[in-house]
Amino acid sequence: MANDKKTNSESKKINDLKSSEKEFKGSVMTTNQGLKVNDTNNSLKSGERGSTLLEDFLLREKITSFDHERIPERIVHARGSAAHGYFELYESISQYSKAGIFTDVNRKTPVFARFSTVAGSKGSPDLARDVRGFAVKFYTQEGTWDLVGNNMPIFFIQDAMKFPDLIHSVKPEPNKEIPQAASAHDTFYDFVSHATETLHNHIWVMSDRAIPRSLRMMEGFGIHTFRFINSKNESHFVRFHWKPKLGVHSITWDEAVKINGADSDFHRRDLWDAIEAGHFPEWELGVQIIPQEDEFKFEFDLLDPTKLIPEEMVPVKIIGKMVLNKNPENFFAETEQVAFLPGHIVPGIDFTNDPLLQGRLFSYRDTQLSRLGGPNFHQIPINRPVVDTHNNQRDGMMQTEIPKGQTAYFPNSLTGGCPHLAKIAEGGFHSYEERIDAKKIRTRSESFNDHFSQPALFYRSLAKWEQQHVADAYTFELGKCNHDHIKERMLWLIAEIDSTLAKKVAEGLGLEIPTSIEQPVNQAIGADEEVSKHQPPKKKNYLDQAPTLSQSNTKFDSIATRQIAVIVANGFSMKNFKKMSDALEKEGAMIKLIAPHGGTVKCDEGMSHKIDAAIITTESVLFDALYIPGGKDAVVKLMTEAKFIKFINETLKHCKAIAVDQEGEDLIDKTFAINFKKDTAVLINKEPIDFINAIKKHRNWERSELVKDIPV
Ligand code: HDE
C-alpha cells in the first residue's frame, strides 16, 4: 500500500515535470509557492494613506517577476512569428539518406517553424525590406533536426568571420540608433560596396523577394551545401528547398511603406489568421542532390554560400510536405524561447566545410547561453526533443530536471555503465569520415572569388516588371545614403553586374557612373595579400537565364486566403454581392465588408450586414483585390467620401484586380483619371470567374507604367 502510494506520487511528479502546460480556467490564484492570494490589487501599507511596507512579499513577488519578464532579444532575427505543424515524406530516399525522417513514409514528424526579419528589433514592423528567416525544428524519433534557413537561396558573406561586420553595418548606426529595420543607410552601403561577395544576396534583397505578400507565400532555403549519408555510409551533397503551395508572391515597395503604418503586424496577423481559419499553410520540401564525384563539376564552388545551384542545372526533387496547423499557445514560451541550432542534426545528415556553416555551428549554441540564460535551454518545453535524453551533463542555471543516482560520469560500473553508448547500427551518430590533408591557413579559396556572375544571372532571369522593381529599390536605398562616394562606388559595382540597371539607378540618383573607383574593391582578404588579383574577374555565363528565379514563373492557381475588400453603403445590391461573394468564398477567399461607418449597413433587400471595417480604420494596401457591387444609393454615398476614392485609386495603382457591377461603374468613372476599362484586371459587369482568374494572377503588372503617376 505504502509502496503504491510512493509510486503514484513519484509518477505524478514525473508527469508534472514533463508536462509544463498550465490551464487557468477554474483555478484559484496562488503565489509561486502555492499560497492562495486574497488581494492582488493593493499593496500592504502603514495606514490607508501610508507608505508601502517592505514586508509585502506579495507585492515583491509580483513586481520582481514583472521586472524580469524580458530576455535579451535575438541579435538578429528578433522579429518573428511561428507555428506548429507536421512533416510527411512522399517517398523514401534511402538511396541518399538513412535518416528516419527521409526513409519512413508512415511517419508524421512534428515541426515548429519560425519566420523572421533579420535586421529589425523585436517590435519592428513586418514589411521591412529584408531577408526573411525560415527556421524549422523537426522533432524526429532519432533526435531533433533544425533546418535554419532563409527565404533567399544564398547569403551575403562567405566566411563566418565577417558576420559581425555585416550585421553591425545593417543595424541602426551606433551613434544615433537610426534607422530601425532598414538597410537604406550609409553604413550598410559602405560595407556592401567594400565587400563584393555581398552583391548576390544584396540584389535579391533589392528584388521583390524582400517584401513578401505573406510568410505563407515565400520559398525557404537551407542555403549551405549539406551532406546526405546513406546506410552504406556513402555521401551525396544536398541543398534544401521549401516550395510554398500558394506560390511565391510579393507586394510593391509603396505598399510595404504604407502597410508598416496601417498594420505593422501584417505578416504575423496573416499567418495567425490563416491557421485559425483552417487554411493551413503548406510547403513542399525539395532537395538538390549532387553526387560526391561531381563536387568540382560546377563553375562555382559548392561550398560557397553566396552561390546558388540553378534548378535548371540540378533539378529540385520534391520529397515531402510541411503543414502548419496550430498556432502557439503562448508567444513568449514558444516563439521567443525556441532555440534553433544548425548543429542539431540526426544520422543521415552531415555538414560540409562551407566556412559560413562551420562558424554557425559555434554561434547558435553560444548565443542561447546569454539569450536563454544557461546551458539547460534544451529543457524549455519548446526545445525538448520528443525522445528521452540521458547523459552525464549536470547542474547549471535553470536546471529543471532532477537527475537521479550516484554517477555522473562515463565509464562507470556503479550504474551498470549507463547511460551506455549506441552502436552506429543502433543509431549512434558517426561523423562522415572526410579525407583531409591540408595546411592550416587563414585565407579564402580562389574558387570563391567570382562575385558578379550570379547577381548578373539573377537580374537577367527576372521579368521586365521585376527588373524595374530592382532598379527602383537600388535608387531608393542609395537615395537614402548621405555620402556620394558610397553611392558612386555602388554605381560602379552595379554597372559590373548590369550596365542598363546601373544607368537607371544613376539617373534616379542624379549621379554619373564612375569609370574607376579609388580604393580596392574587395576587402575579403588579409592585409598582406595582393589587392590587384582580387579585382572583379570576368563574369562567367554558364546559363543565359534561370527562369525558376523569377516570380513570374511561380504558381498562379489559387485565390485561397486572399483578402477581398468589398466597399458598401446602405442600399448596396444584395443580388450582385451574393453572386460574387458565394463564388469567391467557394474558392477560399476571405471577404471583408468596408463601409463609411462601423456597425451594420442595410442592403437593397432590407437586410442588415455586419461591417468588418469602417473606412477610417483601414487601407487598400491590406487587401488583394476590390469588389464594388451596384446599388444606386450606396454608390451615391460612397462617391461623397474622399477616402473611398483614395482606396480605389490605390488599388488600381498597385495593379490589383478590381470588379464592379452596375452602378459601381459610376464610382470608378469618378475615380480613374484615365480610362482603364480595357485593363484585363478591371472587370465591369463580368462573371465572378473572370474576377477569380484575375485575382489568381496576383497582379496585372502590365498596368504599372500607366498608373505610376497616380498621386496616392
Ligand atoms: Fe543566423 N543567427 N547566423 N543565419 N539565423 C541567429 O541565433 C549567425 C546565417 C538564421 O527563428 C542567431 O538563436 C552567424 C545564415 C535564422 O530563432 C545567431 C552566421 C542563415 C535565424 C546567428 C549566421 C541564417 C538566425 C540569433 C554566419 C541562413 C533565426 C539568435 C556564420 C541559412 C532563427 C539565434 C530563429 C539566428 C548567428 C548566418 C539564418 C546570433 C554567426 C547563412 C533563420 O546565433
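Right above here is the structure, for reference.
Residues numbered from 1 in each chain as written. Predicted model: local features only at pLDDT ≥ 70, side-chain atom pairs only at ≥ 80, totals over all residues. Heavy atoms only, no water.

Trainee: Before we go on, may I ask you to explain helix α13 (residues 499-509) in this structure?
Mentor: At 3.6 residues per turn, the α-helix brings residues three or four places apart onto the same side. Within α13, burial applies to Leu501, Ala502, Val505, Ala506 and Leu509. Down the axis of α13, the buried set is contained in an arc of 130 degrees. They therefore lie on one face. Across α13 from its buried face, at more than 90 degrees, point the exposed residues Lys503, Glu507 and Gly508. Where α13 is buried, its residues contact α5 (199-206), α10 (453-461), α11 (464-479) and α12 (484-497). Just downstream of α13 lies Gly510, where phi reads positive at about 70 degrees. (Buried < 20%, exposed > 50% of the residue type's maximum accessible area, 1.4 Å probe, protein only. Helix = DSSP H or I, 4+ residues; strand = E, 2+ residues; numbered from the N terminus. Arc of directions from axis to C-beta. Contact = heavy atoms within 4.5 Å.)

Trainee: Looking at this structure, I do not really get the coordination of the iron atom of the ligand. What am I missing?
Mentor: Note on metal geometry: ideal angles are 109.5 degrees for four donors arranged tetrahedrally and 90 or 180 degrees for six donors arranged octahedrally. For the iron atom of the ligand, the protein supplies a single donor, Tyr364 (OH), at a distance of 1.8 Å. You can see Tyr364 is positioned in helix α9 (residues 355-371). (Donors = N, O, S within 2.8 Å, 3.2 Å for Na, K, Ca; no water.)

Trainee: I would appreciate a short explanation of the site of the ligand in the present structure.
Mentor: Residues in close proximity to the ligand total 23 residues, the closest being Arg74, Arg114, Arg360, Tyr364 and Gln368. Interatomic distance of 3.4 Å between a side-chain N/O atom of His77 and a nitrogen atom of the ligand. Measuring from an oxygen atom of the ligand, one finds a side-chain N or O atom of Arg114 at 2.6 Å. Listed by contribution, the elements that provide at least two residues to the shell around the ligand are β3 (132-140), β4 (143-150) and α9. Sort the elements by how many residues they give to the shell around the ligand and α9 lands first, with six residues. Considering only residue class, the shell around the ligand consists of eleven nonpolar, nine polar and three charged. (Near = heavy atom within 4 Å. Polar contact = N/O pair within 3.5 Å; in protein donor to acceptor, adjacent residues only side chain to side chain. Nonpolar A, V, L, I, M, F, W, Y, C, P; charged D, E, K, R; others polar.)

Trainee: Sorry if this is basic, but what is going on with α9 here?
Mentor: Its 17 residues place the ends of α9 24 Å apart at the C-alpha level, agreeing with the 24 Å of an ideal helix rising 1.5 Å per residue. At Leu361, α9 shows its largest bend, some 25 degrees. Of all the residues in α9, the buried ones are Leu356, Leu357, Arg360, Gln368 and Arg371. Packing partners of the buried residues in α9 comprise β4, β6 (226-229) and α8 (332-336). The N-capping residue of α9, defined by a side-chain oxygen 2.8 Å from the backbone nitrogen of Leu356, is Asp354. Backbone geometry just downstream of α9 places Gly373 in the positive-phi region, at approximately 95 degrees. (Expected span 1.5 Å × (residues − 1). Bend = angle between axes of the 7 residues up to and from the residue.)

Trainee: How do you make sense of the pattern of salt bridges when you look at a structure like this?
Mentor: Where charged atoms from two side chains of opposite charge approach closely, those side chains can pair. Under the definition given, this model contains 39 salt bridges. A salt bridge links Arg562 to Asp624; the shortest N-O distance between them is 2.9 Å. Here the residue Arg562 occupies a position in the loop between α13 and β11 (563-567), and Asp624 occupies one in the loop between β15 (613-614) and β16 (625-628), the gap between them amounting to 62 residues. Members of the salt-bridge network, linked through shared partners, are Arg213, Arg216, Asp270, Arg562 and Asp624. (Salt bridge = Lys/Arg side-chain N within 4 Å of Asp/Glu carboxyl O.)

Trainee: Quick question: what am I supposed to make of the environment of Trp283 here?
Mentor: The residue Trp283 is located in strand β8 (residues 282-291) in this model. For the pair Trp283 and His241, spaced 42 residues apart in sequence, the C-alpha to C-alpha distance is 9.4 Å. Among the polar contacts made by the side chain of Trp283, one reaches the main-chain carbonyl oxygen of Met218 at a distance of 2.9 Å.

Trainee: Got a minute to help me understand the sheet that holds strand β18 (residues 682-684) in this structure?
Mentor: Spatial strand order, β15-β12-β11-β16-β17-β18: six strands in an open sheet with parallel pairing. Edge strands, defined here as strands with exactly one partner in the open sheet, are β15 and β18. (Pairing = 2+ DSSP bridges.)

Trainee: It is not clear to me how empty space enclosed by the protein should be interpreted in this structure. Could you clarify?
Mentor: In this approach the atoms are scanned with a rolling probe the size of a water molecule, which exposes any empty space left behind. This model, assessed by the stated rule, comprises nine cavities of 30 Å³ or more. The wall of the largest cavity is formed by 18 residues, among which Pro153, Phe221, His241, Leu308 and Ile309 lie closest to the centre. No other element matches strand β7 (residues 235-244), which puts four residues into the lining of the largest cavity. Of the residues that constitute the lining of the largest cavity, the class distribution is nine nonpolar, four polar and five charged. Reported here for the second largest cavity is a volume of approximately 70 Å³. What lines the second largest cavity is Arg79, Gly80, Ser81, Phe115, Ser116, Thr117, Asp126, Arg132, Leu215, His267 and Arg268. Those elements giving two or more residues to the lining of the second largest cavity turn out to be β1 (80-89), β2 (108-117) and α7 (266-276). For the lining of the second largest cavity, a count of residues per class yields two nonpolar, five polar and four charged. (1 Å grid on protein atoms, 1.4 Å probe; cavity = no way out; pocket = protein on both sides within 12 Å on 5 of 7 lines; lining within 4 Å. Points joined across faces, edges and corners; volume = space filled by probe spheres on them.)

Trainee: Can you help me understand the nonpolar core in this one?
Mentor: Within soluble globular proteins, side chains that are nonpolar tend to cluster in buried spots. By size, the foremost hydrophobic cluster in this structure holds 65 residues, and its most contacted members are Ile567, Leu584, Ile594 and Phe691. The residues contacting Ile594, other than those within four sequence positions of it, are Ala565, Val566, Ile567, Val568, Ala613, Ile615, Thr618, Phe623, Phe644 and Phe647. If you look at the next biggest cluster of nonpolar residues, it comprises 64 residues, including Tyr474, Met490, Val505 and Ile517. (Core = buried A, V, L, I, M, F, W, Y, C linked by side-chain atoms within 4.5 Å.)

Trainee: Which parts of the structure should I look at to understand the pairing of β4?
Mentor: In summary, the side chains of a regular strand alternate between the two faces of the sheet. Of all eight residues in β4, eight are buried, a share of seventy percent or more. Linkage of β3 to β4, two consecutive antiparallel strands, is achieved through a turn of two residues.

Trainee: I would appreciate a short explanation of the packing of helix α3 (residues 163-170) against helix α4 (residues 186-194) in the present structure.
Mentor: Two quantities define a packed helix pair, namely the angle between the axes and the distance from one axis to the other. One way to put it is that α3 packs onto α4 with a least axis distance of 6 Å and a crossing angle of 145 degrees. Across the interface between the two elements, Asp165, Leu166, Ser169 and Val170 of α3 pack against Thr187, Phe188 and Phe191 of α4. (Axes fitted to C-alpha atoms, helices over the stretch in contact; angles between N-to-C directions.)

Trainee: Mind showing me how you'd approach the packing of helix α14 (residues 574-586) against helix α18 (residues 688-696) here?
Mentor: The interhelical angle for the contact between α14 and α18, taken along N-to-C directions, is 45 degrees, at an axis separation of 9 Å. In terms of their interaxial angle, α14 and α18 are classed as oblique. Here α14 and α18 pass one another in a crossing that is right-handed. Judged by residue contacts, Lys579, Met580, Ala583 and Leu584 of α14 engage Pro688, Phe691, Ile692 and Ile695 from α18. Partitioned by chemical class, the residues of the contact of α14 with α18 number seven nonpolar, no polar and one charged. (Parallel < 35°, antiparallel > 145°, perpendicular 65-115°, else oblique. Left-handed = near helix turned anticlockwise from the far one by under 90°.)

Trainee: Would you mind showing me how to read unusual backbone geometry here?
Mentor: If a residue is not glycine, its phi is most likely negative; likewise, a peptide bond is most likely trans. Cis geometry is found at the peptide bond from Ile178 to Pro179, where omega equals -5 degrees. Between Phe410 and the following residue, Pro411, the backbone shows a cis peptide bond with an omega angle of 5 degrees. On the secondary structure map, Pro411 appears in the loop between α9 and α10. A positive phi is found at Glu177, a non-glycine position, where the angle reads about 55 degrees. Along the chain, the position of Glu177 falls in the loop between α3 and α4.

Trainee: Looking at this structure, I do not really get the side chain of Arg444. What am I missing?
Mentor: Mapped onto the secondary structure, Arg444 falls in the loop between α9 and α10. A distance of 2.7 Å separates polar atoms of two side chains, one belonging to Arg444 and the other to Gln158.

Trainee: When you look at a nonpolar patch on the surface in this model, what are you seeing that I'm missing?
Mentor: Taken together, the side chains of Leu35, Phe57 and Leu58 make up a nonpolar region of the molecular surface, amounting to roughly 260 Å² of accessible area. Residue placement: Leu35 occurs in the loop between α1 (2-18) and α2 (57-67). (Patch = residues over 30% accessible without salt bridge, like charges linked within 9 Å, V, L, I, M, F, W, Y side chains within 5 Å. Areas by Shrake-Rupley, 256 points an atom, 1.4 Å probe, with all protein chains shown as cover.)

Trainee: Help me out: how do you make sense of the environment of Lys171 in this one?
Mentor: Inspection of the secondary structure assignment puts Lys171 in the loop between α3 and α4. In contact with Lys171, other than residues within four places in its own chain, are Ile75, Val118, Ala119, Gly120, His185 and Thr187. At 3.0 Å, the side chain of Lys171 forms a polar contact with the backbone oxygen of Ala119.

Trainee: Can you help me understand the packing of aromatic side chains in this one?
Mentor: In this description, an aromatic ring pair is defined by two values, namely the gap between the centres and the angle between the planes. In this structure the tally under the stated criterion is 27 aromatic pairs. Consider the rings of Phe134 and Trp242, whose centres lie 5.9 Å apart with planes at 15 degrees: the pair is stacked. Here Phe134 is found in strand β3, whereas its partner Trp242 is found in strand β7, with 108 residues between them in sequence. The exposure class of Phe134 is buried, given its relative accessible area of 1%. Considering the side-chain rings of Tyr627 and Phe691, the 6.4 Å spacing of their centres and the 40 degrees angle between planes classify their relative orientation as tilted. Note that Tyr627 is positioned in strand β16 and Phe691 in helix α18, a separation of 64 residues in sequence. When sorted by exposure, Tyr627 lands in the same class as Phe691, which is buried. The rings of Phe87, Phe102, Phe115, Phe134, Phe138, Trp145, Phe226, Phe228, Phe240, Trp242 and Trp283 are connected pair by pair, giving a single aromatic cluster. The ring of Tyr86 carries Lys108 above its face, with NZ or CZ at 4.2 Å from the centroid. Cation over ring: Arg129 sits above Trp253, and NZ or CZ is 5.0 Å from the ring centre. (Phe/Tyr/Trp six-rings, centres within 6.5 Å; stacked < 30°, edge-to-face > 60°. Lys NZ or Arg CZ within 6 Å of the ring centre and 35° of its normal.)

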